[in-house]
Amino acid sequence: MRERRARRERLRAREFDAFVAGAGGRLLHAATLLTAEPPGAAPEAERLLVLALARTRADWTRLRGEDPYHHARRELAARYALSLRRHRRSRGGLLGALPPRERLVLVLRLFEGVGEEQTAAALGLPVERVRLLLERGTATLLSRPPAGDAPARPRARRARRARAGRPGAVPGTEGAV
């Protein structure tokens, strides 16, 4: 009896390891988008992912017929929603300009492709609210210039003004070319 149980547990552990090997990268990317951390150093995203995967592993035997990726993604969103206050301050990243709830809706709807009704049910919000958060978040992202362009443009303008000797030029660079 113990041997059979141990064999089943080893099989489940191998199945879970295979699942993590296949889906871990995408889940980590979703967690990184949620926490708005830079992709290279994302300790908060990794923490969220570990918590979600730990819960998925604990529920692994009860997932008969359920998609484990769906379960892990739901756990990831739930863990993030529980810690919304912690993620209010922007750490940069692609979605760093958005409030946490808009970030969560955008990641679930656009990156993960979850339907409006499913997103609303997962977050405990009306469908209209999810729709509004999605519209507001996309409008915010589309209205902002890409992160790489923002600091370079004003400096370039000042340098051109300085070379042309126009007002607004950088002091002390009037004759510099």
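Residues numbered from 1 in each chain as written. Predicted model: local features only at pLDDT ≥ 70, side-chain atom pairs only at ≥ 80, totals over all residues. Heavy atoms only, no water.

*Asks:* Teacher, can you tell me more about the packing of aromatic side chains here?
*Replies:* To describe a pair of aromatic rings, you give the distance between the ring centres and the angle between the ring planes. Under the criterion given, the structure shown has 3 aromatic pairs. Taken together, a centroid distance of 6.2 Å and an interplanar angle of 45° make the contact between phenylalanine 16 and phenylalanine 19 tilted. A residue pair is termed a helical-turn pair when its members lie 3 or 4 positions apart in one helix, as phenylalanine 16 and phenylalanine 19 do in helix 1 (residues 2-35) at 3 residues. We classify phenylalanine 16 as buried; its relative accessible area is 10%. What makes phenylalanine 19 buried here is its relative accessible area of 12%. One aromatic cluster is present, built from ring pairs that chain together Phe16, Phe19 and Trp60. (Phe/Tyr/Trp six-rings, centres within 6.5 Å; stacked < 30°, edge-to-face > 60°. Helix = DSSP H or I, 4+ residues; strand = E, 2+ residues; numbered from the N terminus. Buried < 20%, exposed > 50% of the residue type's maximum accessible area, 1.4 Å probe, protein only.)

*Asks:* What am I meant to see in the nonpolar core here?
*Replies:* Taken as a class, soluble globular proteins show a tendency for nonpolar side chains to be buried jointly. With 26 residues, the main nonpolar core has Leu76 and Leu104 as its most contacted residues. For this core, the elements supplying multiple residues, two or more each, are helix 1, helix 2 (43-58), helix 3 (68-82), helix 4 (100-111), helix 5 (116-123) and helix 6 (127-143). The residues contacting leucine 104, other than those within four sequence positions of it, are Leu34, Ala77, Tyr80, Ala81 and Leu123. (Core = buried A, V, L, I, M, F, W, Y, C linked by side-chain atoms within 4.5 Å. Contact = heavy atoms within 4.5 Å.)

*Asks:* What's the story with unusual backbone geometry in this structure? I'm lost.
*Replies:* Across residues other than glycine, the phi torsion is negative in most instances, and most of the peptide bonds are trans. The backbone of alanine 36 shows a phi angle near 60°, a positive value even though the residue is not glycine. Residue placement: alanine 36 occurs in the loop between helix 1 and helix 2.

*Asks:* How should a positive patch on the surface be read in this particular structure?
*Replies:* Together, Arg2, Arg4, Arg5, Arg8 and Arg64 make up a region of like positive charge exposed at the surface. You can see arginine 4 is positioned in helix 1. In this structure arginine 4 comes out as exposed when scored by relative accessible area, which is 54%. (Patch = residues over 30% accessible without salt bridge, like charges linked within 9 Å, V, L, I, M, F, W, Y side chains within 5 Å. Areas by Shrake-Rupley, 256 points an atom, 1.4 Å probe, with all protein chains shown as cover. Salt bridge = Lys/Arg side-chain N within 4 Å of Asp/Glu carboxyl O. Lys, Arg positive; Asp, Glu negative; His and termini not counted. Charge placed at Lys NZ, Arg CZ, Asp CG, Glu CD.)

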